[in-house]
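Remarks on the overall topology
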Amino acid sequence: MRDISCHRISDTVRDMCIQATHFLSDDMAAAMNHAIETEKSPLGKQVLKQLEDNLKIAGEEMIPICQDTGMAVLFVEIGQEVHIVDGVLEEAINEGVRRGYTEGFLRKSVVEDPIYRVNTKDNTPAVIHYQMVPGETFKITLAPKGFGSENMSRICMLKPADGIEGVKKAILETVDAAGPNACPPLVVGVGIGGDFEKSALMSKHALTREAGKHSEIPYVRELETEMLDKINQLGIGPGGLGGTVTAMAVNIETYPTHIAGLPVAINICCHVNRHVTREL
């Protein structure tokens, strides 16, 4: 049994909030470099270089990469042999988000009620997903999600007869409809299977996978490659101004589903796709 204090969890989440909103992760930096190298449109390449300049300035001057510092989404893996001490886990995580957004001078975008819309003034509460795992692991993945791209996401409850071609159609139509609104080039997370909420959860979690790292399932890996190619043939391009790089990665997760359904969720993320992982 291993003890982890809530104070340590709060401190860690606080630091992660600031890191994720100011610095591009290594995988996304590599994806951006690849996009610049492969973009064939002169205007698209110019837009990508401007985005790269923005990322450099953000890191050097400790300015957020984007004015929308997102709603904090966390995936927490908790080992069965871990004992949380000195507080309540969910309160500790939200305290870390609160401190990260206030001490980091990040924009507070969360409202306490979806209709009356009074700002909570500290970007809490976060959206937190827990998973119990064996052993003494305690791992946190933070993914601040901006809503320019979140608003372009969809869940499609397909019929089993729609099959893989229906899945492909849903992905392409969603990205095409998003156009410039999701700040391309994009990372596209896809969840296939489960039920309504499971597919959505998988599509969000898929965004935290390292860009360029494919699924271990052969047909899913092939689908990721095919969808990236077809998305980039849409011609939306960087900033929606045309080009050959509309997306930098397509990450797909799957799960068993009911005989009567084929849920497909497409969660679109902008070119920064902020995420950071730490293990305590």
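The structure this text deals with has already been given above.
Below, the structure is looked at part by part. Predicted model, so just to flag it, every value in this text is computed and none were measured. Throughout this description, residue numbers start from 1 for each chain and increase along the sequence as written. Reporting of local features is limited, given that this is a predicted model, to residues whose pLDDT is at least 70; pairs of side-chain atoms are given and counted only at 80 or more, and all residues count toward the totals for whole chains, interfaces and linings. Excluded from the side-chain calculation are hydrogens and water; included are all heavy atoms of the structure.

1. As for the pattern of salt bridges
Definition in use: In what follows, salt bridge is the name for a side-chain nitrogen of Lys or Arg lying within 4 Å of a carboxyl oxygen of Asp or Glu. Helix and strand labels come from DSSP, where a helix needs a run of H or I of at least four residues and a strand needs a run of E of at least two; each type is numbered from the N terminus. The cut-offs for exposure are 20% and 50% of the maximum accessible area for each residue type, with area from a 1.4 Å probe on protein chains only; residues under the lower value are buried, those over the upper are exposed, and the others partly exposed.
According to the stated counting rule, one finds 15 salt bridges in the structure shown. The shortest N-O distance in the salt bridge between E77 and K139 comes to 3.9 Å. Taken together, the residues E77 in strand β2 (residues 73-79) and K139 in strand β5 (residues 138-142) connect sequence positions 62 residues apart. Here K169 makes a salt bridge to E173, at a shortest N to O gap of 4.0 Å. In this pair, K169 and E173 both sit in helix α6 (residues 163-178), four residues apart, roughly one turn of the helix. Classification of K169 by relative accessible area gives exposed; the value is 52%. What makes E173 partly exposed here is its relative accessible area of 41%. One network of salt bridges, in which partners are shared, links D11, R14, D15, R99 and E103.

2. Brief notes about the packing of aromatic side chains
Note the threshold: Only Phe, Tyr and Trp rings take part, Trp by its six-membered ring, and two of them pair if their centres are within 6.5 Å. Stacked means planes under 30 degrees apart, edge-to-face means over 60, and tilted covers everything else. A ring is considered to have a charge above it if a Lys NZ or an Arg CZ atom is located within 6 Å of its centre and within 35 degrees of its normal.
Summed over all chains, the structure comprises zero aromatic pairs. When the ring centre of Y255 is taken as reference, the NZ or CZ atom of K198 above it lies at 4.5 Å.

3. With respect to empty space enclosed by the protein
Under the convention used in this document: A 1.4 Å probe that fits but cannot get out identifies a cavity on a 1 Å grid over protein atoms alone, an open set with protein on both sides within 12 Å along at least five of seven lines counts as a pocket, and a residue lines either if it has an atom within 4 Å of a point. Grid points are joined across faces, edges and corners, and a volume is the space filled by probe spheres set on the points. Gly counts as polar in this scheme, as do all residues outside two lists: the nonpolar Ala, Val, Leu, Ile, Met, Phe, Trp, Tyr, Cys and Pro, and the charged Asp, Glu, Lys and Arg.
Scanning the model with the defined rule gives one cavity of 30 Å³ or more in all. Counted as a void, the largest cavity has a volume near 40 Å³. If you go around the largest cavity, the residues you meet are A143, P144, K145, K204, L207, C269, N273 and R274. Residue classes in the lining of the largest cavity are distributed as four nonpolar, one polar and three charged.

4. Some thoughts on a nonpolar patch on the surface
Cut-off, in case you're wondering: Like-charged residues are merged into a patch within 9 Å and nonpolar side chains (Val, Leu, Ile, Met, Phe, Trp, Tyr) within 5 Å, provided each residue has over 30% relative accessible area and no salt bridge. The accessible surface values rely on the Shrake-Rupley method and a 1.4 Å probe; as for residues, cover is taken only from the protein chains in view.
On the surface, I115, Y116 and V118 cluster together into a nonpolar patch covering about 390 Å² of accessible area. By the element assignment, Y116 lies in the loop between α4 (89-103) and β4 (127-133).

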